[in-house]
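# Results of the structural survey
Here is what each chain is made of, one letter per residue.
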Amino acid sequence: MRFTVRNLTKSYDGKEVLKGINFTFEEGRIYGLLGRNGAGKTTFFNCINRDIKVDSGQFLIEDNGQSREIISTDVGYVLSTPTVPEFLTGREFLKFFIDINEKSITDIKTPDEYFDFVSIGEDDRDKLLKDYSHGMKNKMQMLINIIAKPNILLLDEPLTSLDVVVAEEMKQLLRSLKSGRITIFSTHILDLAIDLCDEIVLLSHGELESVEKNYADDKAFRETIIEALTEENNE
Amino acid sequence: MSNAEIRKTLVTSFALKNTYRVNTILYSLKQIPLIKRLFPAKIYGVPELKIFANILSVMWEISSVFLWKLLYFVTLVCGVGAVYTQLPSEGVFLHVILFLTVIGFIINTHLFNPTMDKYYAIVLLRMDAKQYTLTDYFYRLARDAVGFVTMTVIFGSINKVPLWICFIIPFSVAGGKIFCSAITLLDYEKRGKAYNENKLSKFVWIAVLILLAITYGLPALGYLIPKIAAMALLVAFIPLGLLGLKRVVTFHNYKEVNREILSQMLLQLDNAKEISKKSVEKIISKDTKISSSKKGFEYLNDLFIKRHRKILWKSTKFQALVLLILAVAAVISVSVIPELRADADYDKIISNMPYFVFIMYAINRGTGFTKALFMNCDHSLLTYSFFKKPDHILRLFAIRLREIIKVNLLPAAVLGGGLSAVFFLIGGTGKIFECALVFLSVVSLSVFFSVHYLTLYYLLQPYNPSTEIKSGTYSIIQFVTYLISFVMIYVKLPILVFGILCVAFCLIYCAVACALVYRFAPKTFRIRG
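Predicted model, so just to flag it, every value in this text is computed and none were measured. (Residues numbered from 1 in each chain as written. Chains lettered and ligands numbered in written order. Predicted model: local features only at pLDDT ≥ 70, side-chain atom pairs only at ≥ 80, totals over all residues. Heavy atoms only, no water.)

### What about the overall build of chain B?
Applicable threshold: Counting from the N terminus, the helices are DSSP H or I runs at least four residues long and the strands are E runs at least two residues long. Contact criterion: two residues are considered in contact whenever any of their non-hydrogen atoms come within 4.5 Å of each other. The Shrake-Rupley method, run with a 1.4 Å probe, gives the accessible areas here. Residue values count only the displayed protein chains as cover. Only four residue types enter the tally: Lys and Arg on the positive side, Asp and Glu on the negative side; His and the chain ends are excluded. Charge positions are represented by NZ for Lys, CZ for Arg, CG for Asp and CD for Glu.
For chain B, the count of helices and strands is 19 helices and zero strands. Each of the three principal axes of chain B carries a C-alpha extent, and together these read 80 × 65 × 50 Å. Within chain B, contacts between residues separated by at least 24 positions form 82% of all contacts whose residues are at least 6 apart in sequence. With the model as given, the accessible surface of chain B reaches about 26,500 Å², and the carbon-plus-sulfur share is 70%. Here chain B carries 58 positive and 28 negative side-chain charges, and the mean point of each set is 5 Å from the other.

Here is the structure:
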């Protein structure tokens, strides 16, 4: 499976944020999306998730030689600030999600199996989500986004505000989930991107550009990225 | 402080105030529906618009000197004063103005009022705190005096107060304020705790309430402070002010005082946001027995309704109970007291039915429902793509519409039933069709408001992720809804016209609203960026 973004443009108040993005993402890989503040990373995600109208462009999934436009169930989007419906318990939210999507979820598991998968403790499963900690809300949001096994998983700054234990759990989770789908996550932390990602993609000048990952020389690789991102500022 | 320093501080603080006032005006222009499209994205850099906003800003600075004082005199001094018809107007004027002025010494000091102006100037721009505070203080006192003297002369003459005292009052106000501030500063030097006029202690509140009771309560009982005493006190404030002036001018710790009260202000602002979010979260019932046997969206809705009982069913059931008691009391009174029926002018009373537009507006739970929907449910679910599928949005809309109509219908049915029963008893069997119309019109109004609020919510979705209302159109429509409902209080219509109009309007509105939601909501029901 491949996910292709073709000629994506998006402007705000006359300012072109995305200037004709052309890029193909491959199945089974984790992509780290890097860019300066205001480069348009969130805009890019919002365009893929159809949260905002694009000015032009196509999002295509190619599978077994067949190409089609993406639909909403293709995409899972995990936000940096986790949002969960406060008035439901974790279990109720899970049940609701499975009810709504039962046709599209293959091999439905029991709620407890799902909770075990993201390490949400038994005591917390029947608590109202408003009383969940930040890390637990994050896990819950992640869980909901992966149950339906979306082809594309977008994560906006997913690990930044988590404590070290939860962050490590989430990293493991992402690695275990990468096969069979395309994972793209945006981050400002270069170390995290290098550690977790198979490929680094830079968003600068409103365009996407892949950076060759040089395993032999980590330092040179970092310098290449910093240099590429700094250029934008010097223009 | 030299004259040049004062002038410079005055000019800088004006320029600062003007800058953000101009930006506020330009920002507001960008919020007005339709008109906002006429302005460019970089509105803050267009010289012509800046000049226009500057003119407005200066006009506001000048006119506000008089407008607030005019409002103060029309309402608090003469407006309430006119109630005491038995007492001499001159005495009432002096009594009210004296005690209100004293209350002003405590709660309107200028010196201990943490404002954004002060925050920008002292904290962010690091202007000299003493220079800024004093310049700003005396400027405000001068503005007050100009506004006051205009109004005391006008309203004093109307109330036959001697002209000389009208000219004295503005100086008394300034004098008293300076004297009280001097004492407060003295207290700061002793205790090291700054007074914040927006964060009053329990004792100050009690003092203010006692003074208010003296201001308005004594005249109601027929007592006034003797005219001569009032005038003597007003005159005495002037030398007291001169006495306090020295301390105010020589006080050195304005920086510390301001920092303390300004940090309290910022904390209050932060807390207000947090409290507003928490208060909606608090509504969610903690009852662990709540569960649902339904499925999918019905399941979601069922749990939402059950966990928000407090603002939905519990509240409408209470309304219905009160209305039921009133209705039963009215029906019994009209049945057992024949005079009530005989004396009542049926046509005249029933022509007041438009009044119930306002009542139905007031008891509708629609706004509370949509607010809780957003804050506790949709603001999070709208970030999940499965929730935003067009058919899912519409299915949930239909469920929620059914639910909110049901919630509002209970008190409406009781009210409608009670009213038609009373009208039937007064009007007799000949009026049965009209009585049915009364019931139908009340029910229609209830359905209309339910549909109205939910439709607005789905079409305009006014909230941003921080749960602030960000849609100018939404706020304007809310206001217009209130205004029209309010105006209906004064409208009188024959029941045949009103009833048929109500039912027809409700049917047409519901049809149009639902058509609009089905057509546009999949696109408009989004979190605002």
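### Observations regarding the overall build of chain A
Which entries qualify depends on this criterion: Radius of gyration: C-alpha atoms only; globule rule: 2.2 Å multiplied by the number of residues to the exponent 0.38. For each residue, the accessible area found with a 1.4 Å probe, counting protein chains only, is set against the maximum for its type, and the residue is called buried under 20%, exposed over 50%, and partly exposed in between.
Regarding its fold elements, chain A presents seven helices and 10 strands. Compactness check: chain A gives a C-alpha radius of gyration of 18 Å against a globular reference of 18 Å for 235 residues, within 12% of the reference. Each principal axis of the C-alpha distribution contributes one length, and for chain A these read about 55 × 40 × 40 Å. With 235 residues in all, chain A has 53% of them scored as buried. For chain A, the share of sequence-separated contacts (at least 6 apart) that also reach a separation of at least 24 residues comes to 69%. Total accessible area on chain A stands at roughly 10,600 Å², and carbon and sulfur atoms take up 46% of it. For chain A, the centre of its 28 positive side-chain charges and the centre of its 42 negative side-chain charges are spaced 2 Å apart.

### Focus on the sheet that holds strand β2 (residues 15-26) of chain A
Residue and element names in this part refer to chain A. For clarity, the threshold we go by: Criterion used throughout: strands pair if DSSP finds at least two bridges between them. An axis is simply a line fitted to the C-alpha atoms; with a helix, the fit covers only the stretch in contact. Between two such axes, the angle follows the N-to-C directions and lies from 0 to 180 degrees.
Strand order across the open sheet formed by four strands is β2-β1-β4-β5, with antiparallel pairing between neighbours. Either end of the sheet is taken by a strand with one partner, and the two such strands are β2 and β5 (66-69). Looking at each pair of strands side by side, their axes are set apart by 20° on average, direction ignored. Alignment of strand β1 (residues 2-12) against β2, held across nine bridges, turns out to be antiparallel. Bridge pairing in β2 places Arg2 opposite Glu26. Along the sheet face, helix α1 (residues 41-48) touches β1, β2 and β4 (56-63) and points at about 120° away from the line of β1.

### Let's talk about the pairing of strand β6 (residues 75-78) of chain A
Residues and elements named next belong to chain A. Going residue by residue along β6, you find Val75 and Tyr77 tucked away on one face and Gly76 and Val78 tucked away on the opposite face as well. As paired elements, β6 and strand β7 (residues 152-156) share four bridges and run parallel to each other. If you follow Val75 over to β7, its bridge partner there is Ile152.

### Here we look at the environment of Glu199(A)
Residue and element names in this part refer to chain A. On the secondary structure map, Glu199 appears in strand β9 (residues 199-204). A residue is classified by how much of its surface remains accessible, and Glu199, at 15% relative accessible area, is buried. Separated by 170 residues in sequence, Glu199 and Arg29 have C-alpha atoms that sit 7.5 Å apart. Filtering out sequence-adjacent residues up to four positions away, Glu199 remains in contact with Phe23, Arg29, Ile30, Tyr31, Gly32 and Ser210.

### A look at the interface of chain A and chain B
A common measure of how large an interface is: the accessible area buried when the components associate. Cut-off, in case you're wondering: Computed with a 1.4 Å rolling probe, the buried area is the accessible surface lost when two parts are put together, summed over both parts. Here, a salt bridge means any Lys or Arg side-chain nitrogen found within 4 Å of an Asp or Glu carboxyl oxygen. Any pair of nitrogen or oxygen atoms within 3.5 Å is treated as a polar contact; in protein, a donor-acceptor pairing is required on top of that, and neighbouring residues in sequence qualify only through side-chain atoms on both sides.
Across the contact, 30 residues belong to chain A and 31 residues belong to chain B. At the boundary of chain A with chain B, total buried surface from both sides reaches about 2,600 Å², with 61% on carbon and sulfur atoms. Counting the surface chain A buries against chain B, the share from its top three residues, Glu86(A), Phe87(A) and Phe96(A), is 27%. If you look at where chain A meets chain B, you find two salt bridges. Here Arg307(B) ties to Glu92(A) by a salt bridge, and the two come within 2.8 Å at their closest N and O atoms. The tally of links from chain A across to chain B stands at 10 residue pairs in polar contact (both at pLDDT 80 or more). Elements represented by at least two residues in the side of chain A that touches chain B include exactly β6, α2 (90-101) and α4 (134-147) of chain A.

### What to know about the side chain of Asp302(B)
Counting through the fold element by element, Asp302(B) comes out in helix α10 (residues 296-307). Taking relative accessible area as the criterion, Asp302(B) reaches 12% and is therefore assigned buried.

### Quick notes on the sheet that holds β6(A)
Residues and elements named next belong to chain A. Judged by pairing direction, the sheet is mixed, and its six strands sit side by side in the order β6-β7-β8-β3-β9-β10 without closing on themselves. Strands with a single pairing partner mark the edges of an open sheet, and in this sheet they are β6 and β10 (207-211). Taken pair by pair, the neighbouring strands of this sheet meet at an average axis angle of 20°, ignoring direction. Running over the sheet, α1 touches β3 (30-34), β6, β7, β8 (182-186), β9 and β10 and is turned about 150° from β7. The sheet strands contacting α4 are β6 and β7, and the helix crosses β6 at an angle near 175°.

### Thoughts on the state of the cysteines
Our working rule: Cysteine sulfur atoms that come within 2.5 Å of each other are treated as a disulfide pair.
Tallied over the full model, the rule gives zero disulfides over all chains. Cysteine Cys78(B) shares no disulfide, and the gap to the nearest cysteine sulfur, in Cys166(B), comes to 11 Å.

### Structural notes on the packing of helix α5 (residues 129-158) of chain B against helix α9 (residues 254-282) of chain B
All names here are of chain B. How we decide: Roughly parallel means an angle under 35 degrees; roughly antiparallel means over 145; roughly perpendicular covers 65 to 115; every other angle is labelled oblique. Residues are grouped as follows: Ala, Val, Leu, Ile, Met, Phe, Trp, Tyr, Cys and Pro are nonpolar; Asp, Glu, Lys and Arg are charged; all remaining types, including Gly, are polar.
The geometry of α5 relative to α9 is characterised by a closest axis approach of 8 Å and an angle of 75° between their N-to-C directions. Compared by their axis directions, α5 and α9 come out roughly perpendicular. On α9, the residues touching Ala129, Lys130, Thr133 and Leu134 of α5 are Tyr254, Lys255 and Asn258. When its residues are assigned to classes, the contact of α5 with α9 shows three nonpolar, two polar and two charged.

### Looking at the domain arrangement of chain B
The condition that has to hold: Residue ranges labeled as domains rest on an automatic or database domain assignment.
Parsing chain B into structural domains produces domain 1 (65-275) and domain 2 (296-524). Taking only C-alpha atoms, the centre of domain 1 of chain B and the centre of domain 2 of chain B are 45 Å apart.

### Comments concerning α9(B)
Residue and element names in this part refer to chain B. Put simply, the rule is: To estimate how far a helix should extend, the number of its residues minus one is multiplied by 1.5 Å.
When the terminal C-alpha atoms of α9 are compared, their 40 Å separation across 29 residues agrees well with the 42 Å that a helix rising 1.5 Å per residue should span. Turning to α9, its buried residues are Tyr254, Val257, Asn258, Ile261, Leu262, Gln264, Met265, Val280 and Glu281. Buried residues along α9 sit in contact with α4 (116-124), α5, α6 (163-191), α8 (227-250) and α15 (366-381).

### Points about the nonpolar core
Basically, it comes down to this: Put simply, buried Ala, Val, Leu, Ile, Met, Phe, Trp, Tyr and Cys residues joined by side-chain atoms within 4.5 Å make one nonpolar core.
Residues Phe93(A), Met140(A), Leu300(B), Met353(B) and Tyr458(B) are the most contacted members of the largest nonpolar core, which totals 128 residues. The element that contributes the greatest number of residues to this core is helix α16 (residues 390-427) of chain B, accounting for 15 residues. Not counting chain neighbours up to four residues away, the residues in contact with Leu300(B) comprise Phe87(A), Leu88(A), Phe96(A), Cys377(B), Leu381(B), Phe387(B) and Leu396(B). Phe99(B), Val173(B), Ile178(B) and Leu200(B) belong to the second largest nonpolar core, which has 51 residues in total.

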